[in-house]
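# Notes for the structure review
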Amino acid sequence: MGIEEKIKDIEDEIKKTPYNKATSHHIGKLKAKLSKLKEESIQRSSSGNKGQGFHVKKSGDATVVLVGFPSVGKSTLLNEITNAESKVGAYQFTTLDIVPGIMEHKNAKIQVFDIPGIITGASTGKGRGREILSVARTADLIVVVLDALNPQHLDIILRELHNIGIRPNEKEPDVTVKRKKLGGVHVSSTVPLSHLDEKTIRSIVNEYGMHNADILFRDDVTMDQFIDVLDRNKSYVPMLILLNKVDLVDEAYLNEIRKQIPEFIPISADKKMNIDNLKDTIFDNLDLVRVYLKPQGRKADMEDPLVIKKGSTVIDACGKLHREFVKNFRHAKVWGTSVKFPGQKVGPDHVLEDEDVLRIILKK
């Protein structure tokens with residue numbers, strides 16, 4: 001029996017099995033088996049596909065990937081928000097390669113990729129879909145572009161992203177699994193577990209060949225989330241949903257769509273509608289922080305900030321400037337919202353906030 005048949009058999013058995021406390025460990029075992037088979041199927045078709053892969057060189061302060069069906073207006077949008085020249089045409093599959101552009105906004109240089117339009121079954125390799133979608137796995141933000149007249153495509157796109165191992169707008173589950181040589185499986189949790197019992201947890205980890213492990217839950221995770229943790233290959237990427245071509249519909253139509261998709265940004269790339277708001281929203285969702293550098297004895301450079309990720313420390317900022325700054329770091333002085341008073345002396349682990357001014361003092 002081939003992998004696809006095995007996958008279908010297990011999916012059928014999961015559908016047929018009534019879910020209750022008595023069957024949860026059996027369903028857990030089936031779902032773990034299913035996840036492993038799907039991963040094996042992906043690996044096989046990836047190694048079997050000897051076509052030209054997509055080589056994407058990253059640059060800038062963050063990476064955004066535009067995902068959508070063919071002809072939804074991704075190329076027009078890319079040209080509108082970046083310096084790229086993506087081929088635009090009102091027919092399918094205009095973009096046959098990945099087109100990068102740089103969006104300069106609020107002093108940040110944000111790299112935006114227009115990837116070829118995906119199709120149903122992309123995650124199983126149709127239309128080189130797996131290679132195309134894999135670019136989204138390492139993005140800092142996924143922007144799904146929908147045609148206002150085909151909002152139902154969202155369900156297909158979410159399914160394809162899920163199948164390739166992307167969990168858009170989900171937080172990575174806080175579960176630690178440590179393999180041991182002896183001692184069996186030991187389960188502990190800091191929160192009550194409402195979706196999993198010990199028998200189910202054991203049957204799932206056994207399916208992964210783990211018979212000795214310490215498992216600590218700090219989140220009340222579902223069965224599927226726990227399997228994701230054991231797979232160790234999932235990407236948790238924030239996502240925005242755009243509804244393009246809204247110039248072709250009225251407000252009543254948009255209100256109907258809001259019942260199915262509560263949060264989307266209405267735009268018209270062609271008519272340049274709501275583009276500035278979109279750029280602001282992209283910037284805000286990337287969680288970037290601008291830090292202005294102040295050389296000794298001079299004014300801070302307020303024109304060209306260092307752009308770093310939210311939660312970055314002083315030493316992270318040093319690392320982005322030059323490795324010598326890390327090697328010879330003595331202390332720093334900071335002006336801004338992250339300190340109690342202007343020019344406060346801070347150490348390497350001080351967390352910087354947006355629009356802080358930073359002066360780095362190095363060892364002589």
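To be clear, the structure that these remarks concern was listed above.
The notes below deal with the structure included here. Nothing here was measured: the structure is a model prediction, and the numbers come from that model.

Here we take up a negative patch on the surface. Among the surface-exposed residues, Glu 4, Glu 5, Asp 9 and Glu 13 lie close enough to one another that they form a single negatively charged patch. Tracing the backbone through its elements, the reader meets Glu 5 in helix 1 (residues 3-16). For Glu 5, a relative accessible area of 45% corresponds to the partly exposed category.

With that settled, the discussion passes to the packing of aromatic side chains. Scanning all chains against the criterion turns up 1 aromatic pair. Aromatic pair Phe 217 and Phe 226: ring centres 5.3 Å apart, planes at 50°, arrangement tilted. Assessed through its relative accessible area of 0%, Phe 217 is described here as buried. On the basis of relative accessibility, which here comes to 0%, the residue Phe 226 falls in the buried class. Over the ring of Tyr 208 we find Lys 36, and its NZ or CZ is 5.8 Å from the ring centre. Against the face of Trp 335 rests Lys 294, its NZ or CZ located 5.9 Å from the ring centre.

It is worth spelling out the packing of helix 3 (residues 74-81) against helix 9 (residues 275-285) at this point. Relative to each other, helix 3 and helix 9 sit at 80°, their axes nearing to 11 Å. In this view, helix 3 runs roughly perpendicular relative to helix 9, as classed from their interaxial angle. In this structure, helix 3 contributes Leu 77, Glu 80 and Ile 81 to the contact, and helix 9 contributes Ile 275, Leu 278, Lys 279 and Ile 282. Taken together, the residues of the contact of helix 3 with helix 9 break down into 5 nonpolar, no polar and 2 charged.

Thresholds, definitions, all that
Residues numbered from 1 in each chain as written. Predicted model: local features only at pLDDT ≥ 70, side-chain atom pairs only at ≥ 80, totals over all residues. Heavy atoms only, no water. Patch = residues over 30% accessible without salt bridge, like charges linked within 9 Å, V, L, I, M, F, W, Y side chains within 5 Å. Areas by Shrake-Rupley, 256 points an atom, 1.4 Å probe, with all protein chains shown as cover. Salt bridge = Lys/Arg side-chain N within 4 Å of Asp/Glu carboxyl O. Lys, Arg positive; Asp, Glu negative; His and termini not counted. Charge placed at Lys NZ, Arg CZ, Asp CG, Glu CD. Helix = DSSP H or I, 4+ residues; strand = E, 2+ residues; numbered from the N terminus. Buried < 20%, exposed > 50% of the residue type's maximum accessible area, 1.4 Å probe, protein only. Phe/Tyr/Trp six-rings, centres within 6.5 Å; stacked < 30°, edge-to-face > 60°. Lys NZ or Arg CZ within 6 Å of the ring centre and 35° of its normal. Axes fitted to C-alpha atoms, helices over the stretch in contact; angles between N-to-C directions. Parallel < 35°, antiparallel > 145°, perpendicular 65-115°, else oblique. Contact = heavy atoms within 4.5 Å. Nonpolar A, V, L, I, M, F, W, Y, C, P; charged D, E, K, R; others polar.

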